[in-house]
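Fold and geometry: a report
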Amino acid sequence: MLDVGTRRLRATLTPQQVEQVRRSVAHATGRDSLTASSPPWDVVVRLHVPGRPPFLVHVVGGQALRLNAAEPYAARAHDATGRRLSDVEELAVDSTMYDLLALLLGPPAKEYRTPQAIDIGQLTRPVPDAAAP
Amino acid sequence: MTDWLVVQVMDERGGAVTPSAAALEGAGVSHALSDVAGQGWSVALAGVAAGKYQLNLTLPQRLPLPLAVEVKARGAGKLVVFRGKSPAIATLSSQAVTAGGPASRTLHVVGLKLPKQHSEVVLVAGWDYSGGADNTLYAKTWRDDLYAGQTFISGKAAPLTKQIHDHTVVSLFDFKSGQRIRWLKARQDWHELDRVLQGSVPTHTGYYKDAANTQKRHDDDAISIRHVYDYIADLGAAAPGSVQRFDIFSHAWAGGPILVDTVEDAVFAPGGSRSTERDPGDKDGRTKDFSTRNMPRRAQFKRAFAAGGIAKVWGCFATTDYRRLVRGAAQAPNKTTKFKVQMLDGSEVEVTGQQVENYFKNSVLPETYMAQMGDAVSIKVYGAPPGMGADLRAVGRRNYMFVNQSDYRLEYRWYKDALGLAPDESGHFPF
């Protein structure tokens, strides 16, 4: 995992984590539309696939990896006018990579966070029985 | 023969509207117009140097109107023209008054037709610090659509309520340049009224992840959401009921629009001893902005909006935990079966669809920036549904920000079934 600003190595995934990520590619659960969002973290992940040169991906939201062939360190998917860049591709995945990065790097950019920690008590409060008097 | 600039303003019924003040204002000079008998509000151009001016008119029930004009030399005399495109509400004519001898005059008459009720649309374009999008383009496309009464936001033409008319002033706060730009509709394109730097310096646009840059953006006396609030409050004081729309095109999060991505000082941030107060250096919108403490002119802010006025935060609401809860609830077989959701902090919660529904209804939605503004102002405020990101799209020369209803089909279905919320043409819904 490389820092976008300095391009220095920040962390390396373990073989087990790499295997989790590999499996996640086949388990996309939904799509995110996040071309107007900041990336969750200022990092790219360098992936090594046998038989191919290493390539860089941005983790975009919870469920997508973005590849920018022309500018690998640039997370943007559009030009200033909103026109999709032709060198950008997105791959739908499950949330494995996102959760791994959250574990390694801490909370993502604030677009993805709640303003304060979710009040679990409020969320799991028992639902009143509608039939009760 | 002497040249005079004359201003005549009429309302929608043809009644004369009398300015309380009028002046030609240029770099360091001001030439006041006065009410000349039989001629109306006028100034002799002999004493006015050729050059660029604002023709500032103070009219009843509106903020001063600054028309962009130029005084030009013509032969031995002078005339006045509009700079750029001429406003559609204006006419320019020259009339020779031949009383004979030295009293002969040429009157260069600026005629304006303005309804008594002022109308204004306020737009905000945040700085896209991470993606490089020009958010002024999205604001300008929306301005053009609101004038045309038609939008291409879905990719094809669809009718839209026309909310900008020839007399509507459109104000755009551009957080990248730090300027407020105002327009009136021209016959073609737009007449730029003025362009005014907010604060004393432009936004510092150094790399957004650099802490020193973030701090400078916080500390600089530069454009802030408070300039926007103050402008709307000014409208509320001078022209109650004038604001038809207040649209913000920017990054956004659950806590409000992110205009330059400032970080609150610790004392003002959640958990700080003054967390309910706005940080004076903060430039972004916050959910706490609408308390009377943070918005002392809240009554004027509220009065600015027209009956049926609308505000809209166009950017993302991509909160990961909210999206996971919504997807979990949408995929559950019924409202009472428990399912597990992994939260961003690593915890796992076990909830039912009914609990998620109650949580969104009672906690998530009411605590948003949109709901807080709506409560304070009593208008409909739209935003992206919690959990969803915003997309950008170019349709020909038009540029749109929207929420992709195809990608978020499952989530939209849940919001409609569980909370009765249906999206508008751009995928946003009212809070």
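Residues numbered from 1 in each chain as written. Chains lettered and ligands numbered in written order. Predicted model: local features only at pLDDT ≥ 70, side-chain atom pairs only at ≥ 80, totals over all residues. Heavy atoms only, no water.

What follows deals with the overall build of chain B. When helices and strands are tallied, chain B shows 8 helices and 27 strands. Taking the principal axes of the C-alpha coordinates as reference, chain B spans close to 95 × 45 × 40 Å. For chain B, with 431 residues in total, the buried portion stands at 58%. If you take every contact in chain B between residues at least 6 apart in sequence, the share linking residues at least 24 apart comes to 62%. Carbon and sulfur atoms make up 49% of the accessible area of chain B, which totals about 17200 Å². Between the averaged position of the 51 positive side-chain charges in chain B and that of its 44 negative side-chain charges there is a distance of 5 Å. (Helix = DSSP H or I, 4+ residues; strand = E, 2+ residues; numbered from the N terminus. Buried < 20%, exposed > 50% of the residue type's maximum accessible area, 1.4 Å probe, protein only. Contact = heavy atoms within 4.5 Å. Areas by Shrake-Rupley, 256 points an atom, 1.4 Å probe, with all protein chains shown as cover. Lys, Arg positive; Asp, Glu negative; His and termini not counted. Charge placed at Lys NZ, Arg CZ, Asp CG, Glu CD.)

Bringing the nonpolar core into the picture now. Core analysis: the biggest nonpolar cluster contains 121 residues, and F246, L325, F360 and W414 of chain B have the highest contact counts within it. Residue contacts for F246 of chain B: discarding those within four places in its chain leaves V122, V124, V228, I232, F301, F305, I310, A311, K312 and M373 of chain B. (Core = buried A, V, L, I, M, F, W, Y, C linked by side-chain atoms within 4.5 Å.)

Residue and element names in this part refer to chain B. Strands sit in the order β17-β16-β15-β12-β18-β21-β24-β27 across an open sheet of 8 strands; the sheet is mixed. Both edges of this open sheet fall to β17 (190-197) and β27 (429-430), since each of them pairs with a single strand only. Bridge count for strand β18 (residues 243-249) against strand β21 (residues 305-313) is 5 bridges, and the pairing is parallel. Among the inter-strand pairings, D247 is bridged to a residue of β21, identified as K312. Together, β12 (120-125), β15 (169-174), β16 (179-185), β17 and β18 form the strand contacts of helix α1 (residues 135-148), whose direction differs from that of β18 by roughly 150°. Set on the sheet, helix α3 (residues 225-238) makes contact with β12, β15, β16, β18 and β21; between it and β12 the angle comes to about 175°. (Pairing = 2+ DSSP bridges. Axes fitted to C-alpha atoms, helices over the stretch in contact; angles between N-to-C directions.)

Further remarks concern the sheet that holds strand β1 (residues 2-3) of chain A. All names here are of chain A. Strand order in this open sheet of 5 strands is β1-β2-β3-β4-β5, and the pairing throughout is antiparallel. The sheet is open, and its two edges are formed by β1 and β5 (88-92), each paired on a single side. Where strand β4 (residues 64-68) lies against β5, 5 bridges are found, and the strand directions are antiparallel. Considered in β5, the bridge of L67 is made with E89.

Our focus in this paragraph is the pattern of salt bridges. All names here are of chain B. Across all of its chains, the model carries 29 salt bridges over all chains by this definition. The residue R182 makes a salt bridge to D194 at a minimum N-O spacing of 2.8 Å. Highlighted residues: R182 in strand β16 and D194 in strand β17, separated in sequence by 12 residues. Relative accessible area serves as the criterion here: at 11%, D194 is assigned to the buried category. (Salt bridge = Lys/Arg side-chain N within 4 Å of Asp/Glu carboxyl O.)

All right, on to the environment of Q95 of chain B then. Looking at the secondary structure, you find Q95 of chain B in strand β10 (residues 90-97). Beyond its immediate stretch of four places on either side in the chain, Q95 of chain B contacts R105, T106, L107 and V109 of chain B.

Put simply, chain B has an average pLDDT of 96, and 99% of its residues get 70 or more. In the model output, the complex is listed with pTM 0.95 alongside ipTM 0.89. (pLDDT = per-residue confidence, 0-100.)

Before going further, it helps to spend a moment on the packing of helix α6 (residues 353-364) of chain B against helix α8 (residues 409-419) of chain B. All names here are of chain B. Their axes nearest at 11 Å, the elements α6 and α8 cross at an angle of 85°. In terms of orientation, α6 and α8 fall into the roughly perpendicular class. Across the interface between the two elements, V356, E357, F360 and K361 of α6 pack against W414, Y415, A418 and L419 of α8. (Parallel < 35°, antiparallel > 145°, perpendicular 65-115°, else oblique.)

Residue and element names in this part refer to chain B. Per the stated rule, a full pass over the model turns up 23 aromatic pairs over all chains. Taking 6.3 Å as the distance between ring centres and 15° as the angle between the ring planes, the aromatic pair formed by F317 and F431 counts as stacked. You can see F317 sitting in the loop between β21 and α5 (320-331) and its partner F431 sitting in the segment after β27, a full 114 residues away along the chain. Through a chain of ring-to-ring contacts, three or more aromatic side chains come together here, namely F317, Y322, Y359, F360, W414, Y415, F429 and F431. The residue whose ring lies beneath R143 is W183, and the NZ or CZ to ring-centre distance is 4.5 Å. (Phe/Tyr/Trp six-rings, centres within 6.5 Å; stacked < 30°, edge-to-face > 60°. Lys NZ or Arg CZ within 6 Å of the ring centre and 35° of its normal.)

Turning our attention to the confidence of the model for chain A. When the pLDDT values of chain A are averaged, the result is 86; 94% of them are 70 or greater. Across chain A, the element-wise mean pLDDT spans from 82 in helix α3 (residues 120-123) of chain A up to 93 in strand β2 (residues 43-47) of chain A.

With that settled, the discussion passes to unusual backbone geometry. Residue and element names in this part refer to chain B. Positioned with a positive phi, Q61 is a non-glycine residue whose angle comes to about 60°. Note on placement: Q61 falls in the loop between β7 (51-58) and β8 (65-74). If you check the backbone angles, D189 has positive phi at about 65° while not being a glycine. Structurally, D189 can be placed in the loop between β16 and β17. We classify D189 as partly exposed; its relative accessible area is 47%.

Residue and element names in this part refer to chain B. In this structure, β21 lies alongside strand β24 (residues 380-383), joined through 4 bridges in parallel fashion. Bridging from a neighbouring strand, K312 pairs with Y382 of β24. Both β24 and β27 contribute to a ladder of 2 bridges, which runs antiparallel. Bridge assignment links Y382 to a residue of β27, and that residue is P430.

Residue and element names in this part refer to chain B. Where β16 lies against β17, 7 bridges are found, and the strand directions are antiparallel. Considered in β17, the bridge of K185 is made with W190. A loop of 4 residues connects β16 with β17, the two strands running antiparallel in sequence, and D189 in this loop sits at a positive phi of about 65°.

Take the interface of chain A and chain B next. Frequently, the measure chosen for interface size is the accessible area that the parts lose on association. Facing 44 residues of chain A, the contacting portion of chain B comprises 58 residues. Between chain A and chain B lies a buried interface of about 3800 Å² when both sides are counted; carbon and sulfur atoms form 53% of it. The three residues of chain A that bury the most area against chain B are S33, K110 and L123 of chain A, which together make up 18% of that side's buried surface. At the surface where chain A touches chain B, the tally comes to 21 residue pairs in polar contact (both at pLDDT 80 or more). Only α2 (96-105) and α3 of chain A provide two or more residues apiece to the side of chain A that touches chain B. Residue composition of the side of chain A that touches chain B, by class: 16 nonpolar, 16 polar and 12 charged. (Buried area = accessible area lost by both parts, 1.4 Å probe. Polar contact = N/O pair within 3.5 Å; in protein donor to acceptor, adjacent residues only side chain to side chain. Nonpolar A, V, L, I, M, F, W, Y, C, P; charged D, E, K, R; others polar.)

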